[in-house]
Amino acid sequence: MIRIGVDVGGTFTDVTALDTGSGRFHIFKLPSTGHDQSIAVADGIRHVLGDAGRTPDDVTYLGHGTTVATNALLELKGATTALLVTGGVPDVLEIARQRRPHLYDLFADKPRVLVPRELTFGVAERLAASGEVVLELTDAEIERVAAELEACGAESVAICFLHSYRDAAHETRVEDALARRLPEVFVSRSSRVAPEFREYERFSTAVINSFIGPVVSRYIRRLGERVAEAGLPVGPRVIQSNGGLASTDAVAERPVTTLLSGPSAGVVGASYLAGLAGIGDLITFDMGGTSTDVCLIRDGRPASANERGLGGYPIRVPSVDVHTIGAGGGSIASVDGAGGLRVGPESAGARPGPAAYGHGGTRPTTTDANVVRGRQNPESALGGAMPIDSTAAERAVATVAEGLGTSVVEAARGIGRLANSHMARAVRQVSVEAGEDPRQYVLMAYGGAGPLHAAEVAAEVGMTRLLVPPNPGTLCALGLLVSDVRSEFTSSFLRRAEPDTLPALNEAVAALVAEGKAWLAGEARIAQRHDVTVLADARYPRQNFELRIPLPSAGLDESSLASVVADFHAQHEKAYGFAHPDSPVQLVNLRAIAHGEVAKPDMPRVSAGSATPEPDALLGTRDVDFGEEHGALRTPVLDRAKLKSGNTFAGPAIVEQLDSTTVVPPGWSSTVDDFGNLLIEVDAE
Amino acid sequence: MTETVVDQVSVQVIGNAMLSVAEEMGAVLRRASYSTNIKERVDCSTALFDAQGRLVAQAEHIPIHMGSMKGLVQALLDQKGAEQLRAGDVYITNDPYTGGGTHLPDITMVAPVFHDGGLVGFSANIAHHSDVGGHVPGSNSGDSTSIFQEGLRIPMVRFMIDGAVNEEVLAFVTLNSRLPEERRGDLLAQLAAVHTGGIRFAELHELHGSAVIDAACAQLLDYARRRLEVAVAAIPDGTYTAADWLDSDSPGQEPIRIQTAITVAGEEISIDFAGTGRQADVAINVVRSALEATVYYALKAALDPDIPANGGFFDAVRIDAPLGSIVNPRPPAAVAARTDACQRVADVLLAALAKAVPGRVPAGSHSSITYVTFAGPDDEFFVYPEVIAGGAGARSDRDGLDAVQVHVTNSSNLPIEALELEYPLRVDTYELITDSGGVGEHRGGLGVRRDIRVLSGQADFSAHADRQTFPPLGLEGGGDGTTGRFILRPGTETERTLPGGRVSGITLDHGDVVRIESPGSGGYGDPFARPPELVARDVAQGRVSADSALRDYGVVLTGDGAVDAGATARVRGDRREG
């Protein structure tokens, strides 16, 4: 039996296969195929099956992370999309929240509105905030807009009416008519995609769903075909922004749920591995080539958000709350006219990339600084597969040295310190925004460059413990193997939590729970256990922010309602330091979270060793610069593949493996646990 | 004693750490505050200062706060003297004339920070309070004529003494607010924030040593100053001038001129507002701190948007403003709606800078705080305030932004659905205004039309807005933007355009509609140089009318909206010659 996770990134497609028979991982990295990601997916699957000596029939599970939706939005390569909107308010998307994109940069632009104004059609209909019909939608009007839509030739359309979260009847009548008349047009309606009040965010989400819908649908179809051609008996499950899996059908209908899925699989994998290592409170530190993703995990649960942005567009779907900053291995360093050093956000990207990679890059990057200091192998990377041009790296860093008036090594240290300082600020942000002290947390480092920088970033923040997983470069693919099936169903309620509203509340909760169960019945055949939990977004009347509080999933009565209300006051007190126990509480949205728990594979363990690494784990030594305090130290280089459970070693040390390099500075020590994680801690004084 | 010098990278790393402290203070303030204004609209800022009272790190959200922050600690040191400051004491003020504030709703709080028994700096924040008394709810009326009408003036007093909240001051402030519980909560949130900032700042001193932190602070200030000097040095020496007008401030009064002369000599820049008109009868006066914030905004936007937010910037700029003018009023001139005039000051500064750094400054923006209020009895008494955005100026290489807030403010709109859920009002129309952007090779951004219908029995409408007489100016041959206006009952027999932007006490009946139109912005460059295809696109998208396409752009369109290239060339050629 074999379980496979395939994560497609901008540069590489990572495949991780776990053979549950042998208890071994098979990992393969191949270049992504940008024009059709499914080619590399299928090739990668064939490769790991060969490596494991298994046949396609043995595959029981295929988890997949894709950037097709994300790229279509960021590169603005979606479908020609039309908008049907309540008459009189055609410019909700143009006006947005009326804020300018940058406080001081007068040349910054708003993100392009995805529906050009000539494809925006006003529809004569109107609801009041109560749901009462102010202007009836007539069949003749539906006929008229359907004809206009047909004539304009759009591939997709979003139906966005004011107050449709209250009553979706007008939107669904148009949707039904379009399904009959224009079956080839991809249709999203706002009351389905994001049924919550605040029109700009809801309309934006629905329009994005339609903009990327046809592109994602085509991809999903091709992927299904290729997986079938490869002979796999199971279809792929796709990771969503909330860190849960969904079927390809569900994703084809609501591709918007995958837009922020890139980093979410890594967070799921990090949370799972840390849990096995007995660590529940951690901050993930996923540093790649162009950006770094940071996420707070408290008590094993990653922070979540109801709304996030991508490319300047708000997206109202639940997601893992990952904070992304533009600092990575490819971040370019320069010196400004006032003598200040800058690192990022400009990036050399995959091409030309860092000077050290020899693809024509000449400008100094964080990676080049690491090569100059010997932290990254100055001769080759990827286990020897990729030569490193350390002379080019030095030449590039010398330009910064000249600007700063320092030596090349000092300039390289400066680049590293400033990059670490930017990332430390991000780590502090995700913790203090949640009211947490980062010093109580473990920093979990992954991504190609995370383990290179983690110790210094941790030191800058005052954190004293790091966890580096066995395969930092492919943690996302691992996350795909341990994700559960998950989706969220929302309805707007907007009534007070009072006995009068109990019948309506019970009815609304029952409808959501039924929807969640039906979804699980169809989606979660791979799951062992199904559950549907119910939450409410609650606030004091006229507040403009909500807190999530749990609700019983059935049969609310006066006493359980009273405890829900008490729970809200208590949470408000906890989150904000005060409560208004005499104030009514308003339930803005109701949410049912449908969750199917997928059986987790046993993680392979590394064999037990002695306290000292075996002699053959030592690859050699090299001079590594550890900053002003220590200078260059002759540093042992260890082979990650040869480390055994129980091995302990003190810094300075470098641990090399195919997909990453870990730096253990002087004053830190590392131990290897049963799963092969490196637990790196500051030495007691 | 040798002076400590810290290497440039360490300075920047320490700067980032101090910015993190300011950000943590902001997080504490938002989490602990009561009011939507702070929690949701983030109308607050937090900062650290060095022992000399110079602002070294600010987490900024609103440009205008820079001024209050900068003046705050200087005022504290001037009034109390460093020797009077004690650990465990926290000061509070909101006064524009004595405490560095810009208007009364912005309450600032500051704590001296001690380490090893010595004063090492200050932790401070500012928050916009939703009511501090005065003659209108919200303490933010445009028509007050003296600061004494605008609410409680809080001098520099101690909010906390020796670690205990000064309950007398707290009671004094809350008694003067229409929302005392909210004031109490927000003030205690500000206190929690300065407390956190103080602890963290002291930790940095402990970690690096005070000599290093002090040196890093000095070098951070120096760096910001150098950044501005580098940008200024690239400008040809000379004096660059501009002037514009504020609409009449009250019936029968003349408009007020805003004038500036920016003089550049090498790395030095000075700004003189000589020639600027009288202080206003109403609450649009700009005190020193608000003027400095506006100068900071304009220079940073035009010259280097990434200059760090610290006080070193001001060491490189000299600002002169005639006493008794709208940009340096004599007390007790009213100031609540000072942003109306700050916006025009920003316009004038940018217009002058457009001559200094051609191509890097856009044409004139709507630059109006189009502020409207609907209020009246319903199930309970309601007050709905809103500020409507307009067009931002066309740039040298692209069109202006439609429907955005500009310059010293950047506040959000209230969603239509939220508005209709909360108030007995309905939004009939919310759209961009065709032809409101100034014509040009690059078109000005469009203004906004918002029609609001009263659903309750009766409601009261009041508003203040500018640029209803003088339009946003075009640049380099671009046309002006449109002016804004308020129209009662549009499209009915009793339709009436209000006489100006400052109105109050207008009674509306059930079913009445008020149409609010905000200004579009100026265009950039010769409209005949605009590619005809872009004009055709604008017409197809309803941003420009077919009439304007022909009249202003000389573009002839065929029946299906395509460019008639031959006819267009003839029209453009004829008119150029004619």
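Conventions we followed
- Residues numbered from 1 in each chain as written.
- Chains lettered and ligands numbered in written order.
- Predicted model: local features only at pLDDT ≥ 70, side-chain atom pairs only at ≥ 80, totals over all residues.
- Helix = DSSP H or I, 4+ residues; strand = E, 2+ residues; numbered from the N terminus.
- Rg over C-alpha atoms; globule rule 2.2 N^0.38 Å.
- Buried ≥ 20, exposed ≤ 12 C-beta atoms within 10 Å, placed from the backbone.
- Domains from an automatic or database assignment.
- Contact = placed C-beta atoms within 7 Å.
- Nonpolar A, V, L, I, M, F, W, Y, C, P; charged D, E, K, R; others polar.
- Expected span 1.5 Å × (residues − 1).
- Arc of directions from axis to C-beta.
- Pairing = 2+ DSSP bridges.
- Axes fitted to C-alpha atoms, helices over the stretch in contact; angles between N-to-C directions.
- UniProt positions renumbered as here; feature names shortened; annotations may be inferred.
- Core = buried A, V, L, I, M, F, W, Y, C linked by C-beta atoms within 7 Å.

Another aspect to go through is the overall build of chain B. In terms of regular secondary structure, chain B is built from 12 helices and 20 strands. Against the globule reference of 25 Å for 578 residues, chain B gives a C-alpha radius of gyration of 25 Å, in line with a compact fold. Classification of the 578 residues of chain B by burial places 60% in the buried group.

All names here are of chain B. Under the domain assignment, chain B is made up of domain 1 (8-227), domain 2 (362-527) and domain 3 (531-577). Taking only C-alpha atoms into account, the centre of domain 2 sits 28 Å from that of domain 3. The interface is formed by nine residues belonging to domain 2 together with eight residues belonging to domain 3. Across the side of domain 2 that touches domain 3, the residue classes break down as four nonpolar, three polar and two charged.

The subject of this paragraph is unusual backbone geometry. Residues Gly-651 of chain A and Pro-652 of chain A are joined by a peptide bond in cis, for which omega reads 5°. On the secondary structure map, Pro-652 of chain A appears in the loop between strand 33 (648-650) and strand 34 (653-657). The residue after Pro-331 of chain B, namely Pro-332 of chain B, is reached through a cis peptide bond having omega 5°. Positionally, Pro-332 of chain B belongs in the loop between strand 11 (317-320) and helix 8 (339-356).

Turning next to the interface of chain A and chain B. In this assembly, 53 residues from chain A lie in contact with 55 residues from chain B. Mapped onto the side of chain A that touches chain B, the elements with two or more residues apiece are helix 3 (92-95), helix 7 (199-229), helix 12 (408-433) and helix 16 (558-576) of chain A. When residues in the side of chain A that touches chain B are grouped by element, the largest group, 10 residues, is from helix 12 of chain A. Here the side of chain A that touches chain B is composed, by residue class, of 23 nonpolar, 14 polar and 16 charged.

All names here are of chain A. Counted at 1.5 Å a residue, the expected span for helix 16 with its 19 residues is 27 Å, and the 27 Å between its end C-alpha atoms agrees. Considered for burial, the residues of helix 16 that qualify are Leu-561, Val-564, Val-565, Phe-568 and His-572. Buried residues of helix 16, seen end-on, are gathered within an arc of 95° and therefore sit on one face of the element. Of the exposed residues in helix 16, the ones pointing more than 90 degrees away from its buried face are Ser-559, Ala-562, Ser-563 and Lys-574.

Bringing the sheet that holds strand 32 (residues 632-639) of chain A into the picture now. Residue and element names in this part refer to chain A. Taken in spatial order, the four strands of this open sheet run 31-32-34-35, and their pairing is mixed. Every interior strand has two partners, whereas the edge strands, strand 31 (618-625) and strand 35 (660-664), have only one. Ignoring which end each strand starts from, the neighbouring axes of this sheet average 25° apart. Relative to strand 34, strand 32 runs parallel, the two being bridged by three bridges. Paired with Val-637 across the strands is Ile-654, a residue of strand 34.

Moving on to the UniProt feature "domain: Hydantoinase B/oxoprolinase" (unreviewed entry) in chain B. The sites that carry the UniProt feature "domain: Hydantoinase B/oxoprolinase" (unreviewed entry) are, in the present numbering, residues 7-527 of chain B. What you have in residues 7-527 of chain B is 28% helix and 24% strand, and the ends, taken at the C-alpha atoms, are 52 Å apart.

On to the UniProt feature "domain: Hydantoinase/oxoprolinase N-terminal" (unreviewed entry) in chain A. Under the present numbering, the feature "domain: Hydantoinase/oxoprolinase N-terminal" (unreviewed entry) in UniProt falls on residues 3-180 of chain A. When the span residues 3-180 of chain A is considered, its composition is 30% helix and 28% strand, and the gap between its end C-alpha atoms is 41 Å.

Its 16 residues place the ends of helix 7 (residues 288-303) of chain B 22 Å apart at the C-alpha level, agreeing with the 22 Å of an ideal helix rising 1.5 Å per residue. The buried fraction of helix 7 of chain B is high, at 15 of 16 residues.

The next subject is the nonpolar core. Judged by nonpolar contacts, the single largest core of 365 residues is most densely connected at Leu-443 and Met-444 of chain A together with Leu-353 of chain B. The greatest single-element share of this core, amounting to 14 residues, is contributed by helix 1 (residues 8-32) of chain B. Apart from residues lying up to four places away in sequence, Leu-443 of chain A is in contact with Ile-283, Phe-285, Ala-454, Val-457, Ala-458, Met-463 and Leu-466 of chain A. Core analysis: the second largest hydrophobic core is formed by 11 residues, Ala-536, Val-544, Tyr-553 and Val-556 of chain B among them.

Turning our eyes to something else, we now look at the environment of Ser-548 of chain B. Residues and elements named next belong to chain B. Tracing the backbone shows Ser-548 in helix 11 (residues 546-551). For Ser-548, a count of 20 C-beta atoms within 10 Å corresponds to the buried category. Each C-alpha atom of the pair Ser-548 and Ala-57 lies 49 Å from the other, and the pair is 491 residues apart in sequence.

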